[in-house]
Amino acid sequence: MRTITITLLISFCWLLISPTAAQDTTAANFKTATCMFTVPQGQTPECGYLTVPENRSKANGQTIKLAVAVFRSDNPDKSSTPLIYLEGGPGGSALEFLSLTFKDRYADFLENQDVIIFDQRGVGRSQPALDCKELTNYQINALDRVLSTEEVIKETNLAAENCATRLAGTGIELAAYNSAESASDVNDLRIALGYDTLDLYGISYGTKLALTIMRDHPEAVRSSIIDSVYPPQVSINDAPRNFERSLKVLFKGCKVDTACNTAFPDLETVFYDTIAELNKTPASFEVLDPTNGRQRMARLDGDGFAGYIFQALYGTEIIPSLPKNIYDVHNGDTRFLGLWTLLTLAQLDVVSAGMNYAVQCTEEIPFDSRASIETTLSKLNPALNGFARRNGIEPSQIGLCTTWNPAKPNPIENEAVQSDIPTLVVSGEYDPITPPANGQLAAETLSNGYFFEFPATGHGVIATSECALGIAQAFLKDPSSKPDSACIAEMKGPVFITSDETTSAPIELEGFSNKSAGYTAVRPVGWTEAGAGIYGRGGSALDQTAIAYQSVPGGNVDLVIPLFASQFGLDTDQVVTREANGLEWRLLTGKLQGIPLNLAITEGKGKIYLILVLSTEEEQASLYDALFLPAVDGFKLTE
């Protein structure tokens with residue numbers, strides 16, 4: 001399956017170059033509208049906004065709008081029950097990168113039923129979105145600063161407090177942005193769209209929302225899939241210990257693998273030594289600033305490095321390369337740090353941080369105390385203490401939360417959900433935030449729950465495992481029966497990557513057409529489509545080898561080359577011209593986060609067309625001849 005790193009890296013490149021209402025009614029209603037996101041290629045969803053009360057306990061209060069997309073299955077024998085996707089976070093947007101995630105995450109389900117994808121209240125394309133520019137600005141401004149843990153906590157809390165004050169000042173009732181209200185939103189959406197029941201599919205925080213829907217609106221649910229489970233009875237303070245557990249799985253996995261252990265002996269010691277060394281002498285490297293598209297210096301200490309490994313353990317595709325990544329950083333190679341910083345910056349706007357704070361401060365942190373948080377920190381490996389505190393496992397969060405919601409929490413939000421609704425519960429062995437124990441715990445009070453743990457997988461199992469996807473599809477066809485899980489026994493541990501060498505298979509090209517952009521071109525056979533016009537090889541977990549085709553409005557290449565040069569580090573003194581099919585191309589080379597790239601630019605019919613190839617130092621020359629030049633020669637404008 002597509003690697004998330006290729007998708008986000010290429011998407012970030014193109015992002016750099018591409019150009020609340022108060023009402024008297026409290027009844028939910030859905031009105032169609034132009035899609036508020038980039039529609040996945042080949043799809044024609046029905047888009048619109050669901051208007052719902054902001055606070056259902058207030059008669060005639062103000063309303064908010066949820067951005068919704070309904071994808072209709074063309075299967076005449078499809079289920080009458082749609083699948084509704086519940087994004088994680090809290091605060092994650094399902095619509096922001098939908099054009100890039102649709103194929104891997106949703107397309108298979110669309111074969112048998114309608115699929116509903118929406119941004120939850122306070123998130124993304126919904127109105128209002130509880131975005132925190134204060135936190136985004138802090139993160140960008142802190143790129144080249146080395147701060148102590150105390151300074152990070154102080155500045156982060158101040159930014160979060162300022163965000164809450166600003167949002168509340170616009171009339172937003174922050175206390176109304178919680179799981180119970182979101183659960184009622186989903187029920188209202190079901191009714192407004194005319195469906196009798198729903199199949200729920202939640203990942204991460206989306207599993208908690210799914211359980212809340214099952215608790216508060218059981219009549220709305222036919223079945224539920226909860227993937228990477230975050231049940232209400234667990235504490236957010238478990239996060240750093242869950243990370244430590246995942247690290248132990250990684251260290252053990254490498255140790256019992258002869259090739260990995262030979263290449264990376266004493267991985268655990270090296271990891272913790274790297275944290276200590278980087279805390280003493282932070283790493284320095286260049287990264288693209290998303291605010292202006294220019295390279296700037298970034299610095300990262302050991303606690304930040306630990307945070308990157310924590311994030312990387314989410315991705316099943318990334319796990320096999322982590323022992324090597326850890327060793328590389330230990331030996332002074334900053335490529336992994338630069339790449340992960342770029343990916344982090346590319347996703348800053350994907351999560352509405354204010355919604356995250358609103359939910360956590362309403363139904364998570366209020367159940368904790370300073371003593372319970374300090375107890376958690378005392379049981380943690382001391383080397384992870386800075387990571388934990390910088391990521392919210394910190395007594396000061398209790399005081400901060402009074403800014404977001406000073407009310408006492410509803411005790412039910414800390415209690416296990418009991419239900420007889422058929423529920424598929426899946427967990428990944430390496431998951432650093434929602435461990436398999438969470439899934440087992442949730443399943444204990446689900447009388448018709450089926451729990452499965454998947455080896456060698458991280459966070460978000462179904463989207464990265466053919467076995468898990470097959471089990472999920474079988475479950476949806478017959479939720480009353482436990483699905484066959486024989487394929488799990490055939491899954492092996494990660495195939496750890498021990499070197500930079502990539503075995504390049506001969507490239508075979510095939511033609512394709514993009515009617516909307518007005519061209520035909522060629523692409524490598526067997527490469528994965530990571531988005532419209534983007535094809536990745538995916539030869540390894542962090543294999544960035546890819547080719548991308550894009551078009552942007554405009555008609556003067558000479559004017560835009562300087563822009564691309566500053567963003568992609570292009571060498572404008574070495575421009576090569578090449579004519580093909582009536583087009584004059586400019587060919588340039590450069591680097592993005594240390595990744596070699598070749599860029600071809602031409603103009604025609606009022607547009608500028610670009611072909612971008614990302615490769616490696618070892619393969620750039622061979623791919624130039626085998627892929628880049630044939631792509632230029634194979635590109636034709638259509639009538």
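A few points about helix α7 (residues 205-216)
Since the α-helix packs 3.6 residues into each turn, any two residues three or four apart lie on the same face. Its 12 residues place the ends of α7 17 Å apart at the C-alpha level, agreeing with the 16 Å of an ideal helix rising 1.5 Å per residue. Taken residue by residue, α7 has Y205, G206, T207, K208, L209, A210, L211, T212, I213 and M214 as its buried positions.

Some remarks on the pattern of salt bridges
Side chains that carry opposite charge are capable of pairing whenever their charged atoms lie near each other. One pass over the full model with this rule turns up 31 salt bridges. Note that R215 and E413 form a salt bridge whose closest N and O atoms lie 3.1 Å from each other. In this pair, R215 is assigned in helix α7 and E413 in the loop between α17 (396-404) and β10 (423-428), connecting sequence segments 198 residues apart. Judged by its relative accessible area of 6%, E413 falls in the buried class. Three or more residues joined by partner-sharing salt bridges are found here, namely R56, R121, E181, D185 and D188.

Notes on the sheet that holds strand β4 (residues 83-86)
Taken together, nine strands build an open sheet; the order of strands is β1-β2-β3-β5-β4-β6-β7-β10-β11 and the sheet is mixed. Strands at the two margins of the open sheet, each flanked by one partner only, are β1 (29-32) and β11 (449-454). Across the sheet, the mean angle separating the axes of adjacent strands is 20° when strand polarity is ignored. The pairing of β1 with strand β2 (residues 46-53) spans four bridges and is classified as antiparallel. Residue pairing across strands places F30 opposite L50, the latter belonging to β2.

Overview of the packing of helix α10 (residues 267-280) against helix α12 (residues 322-330)
Packing of α10 against α12 brings their axes to within 9 Å, and their N-to-C directions diverge by 40°. Taken together, α10 and α12 sit at an angle that is classed as oblique. The two elements α10 and α12 cross, and the hand of that crossing is left-handed. The segment α10 lies against α12, with L267, V270, F271, D273, T274, E277 and L278 engaging P323, I326, Y327, V329 and H330.

Points about the state of the cysteines
For the structure on display, the rule yields five disulfides. One disulfide in the model links C35 with C47; its S-S distance is 1.9 Å. Where C35 bonds to C47 through sulfur, the torsion about that S-S bond is close to 80°, and the disulfide is right-handed. Of the two residues, C35 is situated in the loop between β1 and β2 and C47 in strand β2; the sequence distance between them amounts to 12 residues. The class of C35 is partly exposed, set by a relative accessible area of 23%.

Brief notes about the environment of A210
Inspection of the secondary structure assignment puts A210 in helix α7. A relative accessible area of 0% places A210 in the buried class. It is 10.0 Å that separates the C-alpha atoms of A210 and E87, two residues lying 123 residues apart in sequence. Ignoring anything within four residues of it in the chain, the contact list for A210 reads L86, L200, S224 and I226.

A few points about the packing of aromatic side chains
For any two aromatic rings, the description comes down to two numbers: the centre-to-centre distance and the angle of the planes. Enumeration according to the criterion identifies 27 aromatic pairs in this entry. On the numbers, 5.8 Å between centres and 50° between planes, the contact of F251 with F271 is tilted. Residue F251 is found in helix α8 (residues 239-255), and its partner F271 is found in helix α10; the two are separated by 20 residues along the sequence. Like F271, F251 is buried.

Examining the packing of helix α5 (residues 149-169) against α17
Contact pair α5 / α17: the axes reach a minimum separation of 9 Å and the direction vectors enclose 15°. When the axis of α5 is compared with that of α17, the two are roughly parallel. Crossing geometry of α5 relative to α17 is assigned as right-handed. Together, I153, N157, A160, E161, C163, A164, T165 and L167 of α5 and S396, Q397, L400, T403 and W404 of α17 make up the contact between the two elements. Of the residues contributing to the contact of α5 with α17, the split by class is seven nonpolar, five polar and one charged.

Some remarks on the nonpolar core
Judged by nonpolar contacts, the single largest core of 71 residues is most densely connected at F271, F305 and I309. Here I309 is in contact with F243, L247, F271, L322, I326 and F336, once residues within four sequence places are set aside. In this structure, L147, L167, M214 and A353 belong to the second largest nonpolar core, which totals 63 residues.

Conventions used here
Residues numbered from 1 in each chain as written. Predicted model: local features only at pLDDT ≥ 70, side-chain atom pairs only at ≥ 80, totals over all residues. Heavy atoms only, no water. Helix = DSSP H or I, 4+ residues; strand = E, 2+ residues; numbered from the N terminus. Expected span 1.5 Å × (residues − 1). Buried < 20%, exposed > 50% of the residue type's maximum accessible area, 1.4 Å probe, protein only. Salt bridge = Lys/Arg side-chain N within 4 Å of Asp/Glu carboxyl O. Pairing = 2+ DSSP bridges. Axes fitted to C-alpha atoms, helices over the stretch in contact; angles between N-to-C directions. Parallel < 35°, antiparallel > 145°, perpendicular 65-115°, else oblique. Left-handed = near helix turned anticlockwise from the far one by under 90°. Contact = heavy atoms within 4.5 Å. Disulfide = S-S within 2.5 Å. Phe/Tyr/Trp six-rings, centres within 6.5 Å; stacked < 30°, edge-to-face > 60°. Nonpolar A, V, L, I, M, F, W, Y, C, P; charged D, E, K, R; others polar. Core = buried A, V, L, I, M, F, W, Y, C linked by side-chain atoms within 4.5 Å.

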